[in-house]
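Here is what each chain is made of, one letter per residue.
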Amino acid sequence: MTSNMKLKQSRYSYTRLSNKLSTKLLISSYLLIIFTDPQIFATNYAGDFEEFGASARAIGIGGAYVAAVNDPSAIYYNPAASITITNPQFIFLHSENFENGVVKNNFLGFVLPQSKQVYGVAVMTNRVPEIKITKLPNPNLPPSDSNPPYIDKIVNAADWIVYLNYARLVHPNISLGGNLKLIYRSIGIGSCYGMGLDFGILTALNQNSKIGIKVTNVTTSPLFWSNQTREAMSPKISFGIAKSIMIKTSSLQLSSDLESSFDKFNINTNLGFEYAYKNVLAFRIGLFHFNPTFGVGISYKRFFIDYAYLTNYHTEELGGSQKFSGGIRL
């Protein structure tokens, strides 16, 4: 059985160079290539390409980062939280997602703090190489021994998202922030352009406790495809809380996020725990949508580097994802 049997109403079916059917199906949905009814994906999948994350520290604590973030990945996790950064900073991330690192994800961000306000810019890219596009000799019949799929062409898929961030302190304990997003997607036989807006709030309850709210794709970010179809990225709201506890030369941080998409109204929970020794060495565990995560981090003077592993996101057959990130405080 091939993924064509699952998507036989489509003209094209996208498969990965892999022997596992589930991997092929993931890439098919990831690329959103069923053109026969694009409105289906406007509801369910149009924004999935933005879900790979921007920080290994965040993934290590289960993605519970809306209130806990304190580095330039705040541009992604909570646009208002970039106000917590007091010096110019860079951050980068590279991740290999699923079996054999089939989906490559990168993030590069920079923030420039000013008096009571912060400016930031970031770029996220995703890439899926060597995707086989298959056809049927007779497209009016289902796949079979007498009508086997054949490879029509091999293409690459890529996503580019540019974030322009602004955050401002509107009260000694409250900050507001937002992103303007510019989006470009290419899937080998088609491409699209789009834009969107994200919004965030961060409130400090006291020195060690924070609450954050992020709304992604506030304006149902539109994507305009080269085949004259249009998709809309459904808004998603995230609510987070983070609590830090100092113990002599060490610190503990507990964090939790609740996420819900406006179209599905389901609630996903992220939980995280971090132990840091002298702000140098950190150990992390978490649950990302009930999938276990773990990670470690090292900070030395102006530099920091983090690693995280996410187990079995989507299904067990797809394998885990590895995340590497780091940065510098200027």
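Check the entry above for the structure.
It should be emphasised that the depicted structure is a prediction, and the values quoted were computed from it without experimental measurement. (Residues numbered from 1 in each chain as written. Predicted model: local features only at pLDDT ≥ 70, side-chain atom pairs only at ≥ 80, totals over all residues. Heavy atoms only, no water.)

### Structural notes on the overall build of the protein chain
Phase 1 of the analysis: Along its length, the protein chain carries five helices and 17 strands.
Phase 2 of the analysis: Counting across all 330 residues of the protein chain, residues that qualify as buried make up 49%.
Phase 3 of the analysis: Sequence-distant contacts, at least 24 apart, represent 53% of the contacts inside the protein chain between residues at least 6 apart.
Phase 4 of the analysis: Summed over all atoms, the accessible surface of the protein chain reaches about 15500 Å², with 60% contributed by carbon and sulfur. (Helix = DSSP H or I, 4+ residues; strand = E, 2+ residues; numbered from the N terminus. Buried < 20%, exposed > 50% of the residue type's maximum accessible area, 1.4 Å probe, protein only. Contact = heavy atoms within 4.5 Å. Areas by Shrake-Rupley, 256 points an atom, 1.4 Å probe, with all protein chains shown as cover.)

### Re the environment of G297
Phase 1 of the analysis: With respect to the helices, strands and loops of the structure, G297 is situated in strand β15 (residues 291-300).
Phase 2 of the analysis: On the basis of relative accessibility, which here comes to 4%, the residue G297 falls in the buried class.
Phase 3 of the analysis: In sequence terms G297 and A282 are 15 residues apart; their C-alpha atoms lie 4.9 Å from each other.
Phase 4 of the analysis: Setting aside chain neighbours within four positions, we find G297 in contact with V280, L281, A282, R284, I305 and D306.

### Structural notes on the nonpolar core
Phase 1 of the analysis: In terms of nonpolar packing, the biggest core is built from 40 residues, with Y65, Y76, Y77, F107, Y163 and L223 touching the most fellow members.
Phase 2 of the analysis: Counting residues per element, this core draws most heavily on helix α5 (residues 74-77), at four residues. (Core = buried A, V, L, I, M, F, W, Y, C linked by side-chain atoms within 4.5 Å.)

### Brief notes about the environment of L254
Phase 1 of the analysis: Among the structural elements, L254 can be located in strand β12 (residues 250-261).
Phase 2 of the analysis: Residue class for L254 comes out partly exposed when judged on its relative accessible area of 41%.
Phase 3 of the analysis: As a C-alpha pair, L254 and A242 span 12 residues in sequence and 5.7 Å in three-dimensional space.
Phase 4 of the analysis: If we ignore the near neighbours within four places in the chain, the residues touching L254 are I241, A242, K243, G272 and F273.

### Digging into the packing of aromatic side chains
Phase 1 of the analysis: On inspection of all chains with the given rule, the structure shows nine aromatic pairs.
Phase 2 of the analysis: Between F90 and F110, the aromatic rings sit 4.5 Å apart at their centres with planes inclined by 35 degrees, giving tilted as the arrangement. Residue F90 is located in strand β2 (residues 89-97), and its partner F110 is located in strand β3 (residues 103-114); the two are separated by 20 residues in the primary sequence.
Phase 3 of the analysis: Overall, F90 belongs to the partly exposed group, its relative accessible area being 36%.
Phase 4 of the analysis: Under the relative-accessibility criterion, F110 is labelled partly exposed at 21%.
Phase 5 of the analysis: Judged by centre distance (5.3 Å) and plane angle (50 degrees), the ring pair of Y119 and Y166 falls under tilted. (Phe/Tyr/Trp six-rings, centres within 6.5 Å; stacked < 30°, edge-to-face > 60°.)

### Observations concerning the side chain of E274
Phase 1 of the analysis: If you trace the backbone, E274 turns up in strand β13 (residues 267-277).
Phase 2 of the analysis: Under the relative-accessibility criterion, E274 is labelled buried at 7%.
Phase 3 of the analysis: Of the polar contacts made by the side chain of E274, one reaches the side chain of R57; its length is 2.9 Å.
Phase 4 of the analysis: A distance of 2.6 Å separates polar atoms of two side chains, one belonging to E274 and the other to R284.
Phase 5 of the analysis: Once residues lying within four places of it in the same chain are set aside, the contact partners of E274 are R57, I61, S251, L252, Q253, A282, F283 and R284. (Polar contact = N/O pair within 3.5 Å; in protein donor to acceptor, adjacent residues only side chain to side chain.)

### Regarding the pattern of salt bridges
Phase 1 of the analysis: The tally for this structure, following the rule as stated, stands at nine salt bridges.
Phase 2 of the analysis: Between R57 and E274 there is a salt bridge, and its shortest N-O distance comes to 2.9 Å. Of the two residues, R57 sits in helix α4 (residues 56-60) while E274 sits in strand β13, which places them 217 residues apart along the sequence.
Phase 3 of the analysis: Note that R284 and D306 form a salt bridge whose closest N and O atoms lie 2.8 Å from each other. Taken as a pair, R284 in strand β14 (residues 281-288) and D306 in strand β16 (residues 303-310) lie far apart in primary sequence, 22 residues in all. Just as R284 is buried, D306 falls in that class too.
Phase 4 of the analysis: Several salt bridges converge on common partners, so that one network encompasses R57, E274, R284 and D306. (Salt bridge = Lys/Arg side-chain N within 4 Å of Asp/Glu carboxyl O.)

### Points about the environment of F98
Phase 1 of the analysis: As for its position among the elements, F98 is in the loop between β2 and β3.
Phase 2 of the analysis: By relative accessible area, F98 is classed as buried at 5%.

### Quick word on a nonpolar patch on the surface
Phase 1 of the analysis: Together, V121, L164, V170, L176, L180, L182, M195, L197, F199 and V218 give the surface a local cluster of nonpolar side chains, amounting to about 750 Å² of exposed area.
Phase 2 of the analysis: Those elements that provide at least two residues to the nonpolar patch are β5 (150-171), β6 (174-186) and β7 (191-206).
Phase 3 of the analysis: Topologically, L164 is positioned in strand β5. (Patch = residues over 30% accessible without salt bridge, like charges linked within 9 Å, V, L, I, M, F, W, Y side chains within 5 Å.)

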